[in-house]
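Survey of secondary and tertiary structure
For reference, the chains in residue letters:
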Amino acid sequence: MKLALLIAAVDQTIGGVLVFGDRGTGKSTAVRALAALLPPMRVIAGCPYACAPEKPAGLCDVCRGGGKRHRAALVPVPVVDLPLGATEDRVVGALDIERALAQGVKAFEPGLLARAHRGFLYIDEVNLLEDHIVDLLLDVAASGENVVEREGLSIRHPARFVLVGSGNPEEGELRPQLLDRFGLSVEVATPTDLPTRVEVVRRRDAFERDPAGFAAAWAPEEAKLRRRIVAARRRLDDTTVPDAVIEQAARLCLSLGTDGLRGELTLVRAARAFAAFEGERVVAAPHLRRVAPPALRHRLRRNVLDETVATTRVERAIAEVFGA
Ligand SMILES: [Zn+2]
């Protein structure tokens, strides 16, 4: 899960992360921790959509109008929780038609998508979310823009975020056509080895007893990771994928019988982000191998969502294509 989140942080266009697994394994902690790790973002002070001052092309209506000079502010990368049962208005924003007609103003109350812009949108139990909300989220995540239309009025604003959904497949399946629109998927299980469990308890306890001291002790490690992510983002555009690697990606997907071409596209992008994170300029087979399970395991045709079987199948195909 940490690797998948890091890859999504390096390349936001990868298309979100789906996390299957047990409760109480630190899934939401991991999302929040990653956001806190990222450098604060520069925004135009007072903008409800967190516009970036250095990108005049992508400004919202509020910032574009009036030719005024913008003041920049630094804010933390947002992590927005999307609760089950959230209404569509709360998610996309509410357009007050009556006020708009009576006062001639665009009366728009931004929703959760506006708040998540340039950050993370986290949905616990995404498999229990209403289908039409999931469809809507995936559409906005893919287009990077939220469009609200009511009775001839229309509002649009940028909404680019990393969608992180978690869920327990035993409590309700995700429709297959939604599964493959997530970029990466990972499985989080309760650790079964003693040293890991002991270490988790030890660190959690240390944090509870002295949060400030704990944060200070880990600050150098976090700063190192932050520098790596920032460097990887900068390196990403110059990181090349040789034809041979693209061919291996395609062979892997052929051998697994994935539908469409989203599989190899995501696989190649994830491999590039991972290579950049590792400090490389050229993607190689080991990068592809490492990211193949999270990029492909949710794209296999199957009747039952048996995650372990899916991972095994991807691993078998990797052994076939790359030689064990
Ligand atoms: Zn703005």
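As the structure is a computational prediction, the values presented were derived from the model and not from experiment.

Observations regarding the environment of A86
Inspection of the secondary structure assignment puts A86 in the loop between β4 (79-81) and α4 (88-92). Residue A86 is classed as partly exposed on the basis of its C-beta count, with 16 C-beta atoms lying within 10 Å. Between the C-alpha atoms of A86 and R32, which are 54 residues apart in sequence, the distance is 21 Å. In contact with A86, other than residues within four places in its own chain, are V91 and L112.

Describing the domain arrangement of the chain
In terms of domains, the chain is made up of domain 1 (2-40 + 76-188) and domain 2 (237-322). Looking at the side of domain 1 that touches domain 2, the elements with two or more residues in it are α1 (2-10), β1 (17-21) and β11 (184-188). The class makeup of the residues in the side of domain 1 that touches domain 2 is 12 nonpolar, four polar and four charged.

A closer look at helix α11 (residues 243-256)
Taking 1.5 Å as the rise per residue, α11 with 14 residues should run 20 Å; its terminal C-alpha atoms sit 20 Å apart, in good agreement. Regarding α11, the residues found buried are V245, Q248, A249, L252, C253 and L256. Buried residues of α11 fall within an arc of 135° about the axis and therefore sit on the same side. Of the residues in α11, the exposed ones pointing more than 90 degrees away from the buried face are D243, A244 and E247. With its phi angle positive at about 65°, G257 sits one or two positions after the end of α11.

Rules used throughout
- Sequence positions are assigned chain by chain, starting from 1 and proceeding in written order.
- In keeping with the model being predicted, local features are shown solely for residues with a pLDDT of at least 70 and side-chain atom pairs are shown and tallied solely at 80 or more, while totals for entire chains, interfaces and linings include all residues.
- Helix and strand assignments follow DSSP, with helices taken as H or I runs no shorter than four residues and strands as E runs no shorter than two, numbered in order from the N terminus.
- Around each residue's C-beta, the other C-beta atoms within 10 Å are counted; 20 or more make the residue buried, 12 or fewer make it exposed, and counts in between make it partly exposed. All C-beta atoms are placed from the backbone.
- A residue pair is marked as a contact if its C-beta atoms, positioned from the backbone, fall within 7 Å.
- As annotated, the domain borders come from an automatic or database domain assignment.
- Three classes are used: nonpolar for Ala, Val, Leu, Ile, Met, Phe, Trp, Tyr, Cys and Pro, charged for Asp, Glu, Lys and Arg, and polar for all others, with Gly counted as polar.
- Here the expected length of a helix is defined as 1.5 Å per residue gap, with one fewer gap than residues.
- Arc definition: it is the arc formed by the directions from the helix axis to the C-beta atoms.

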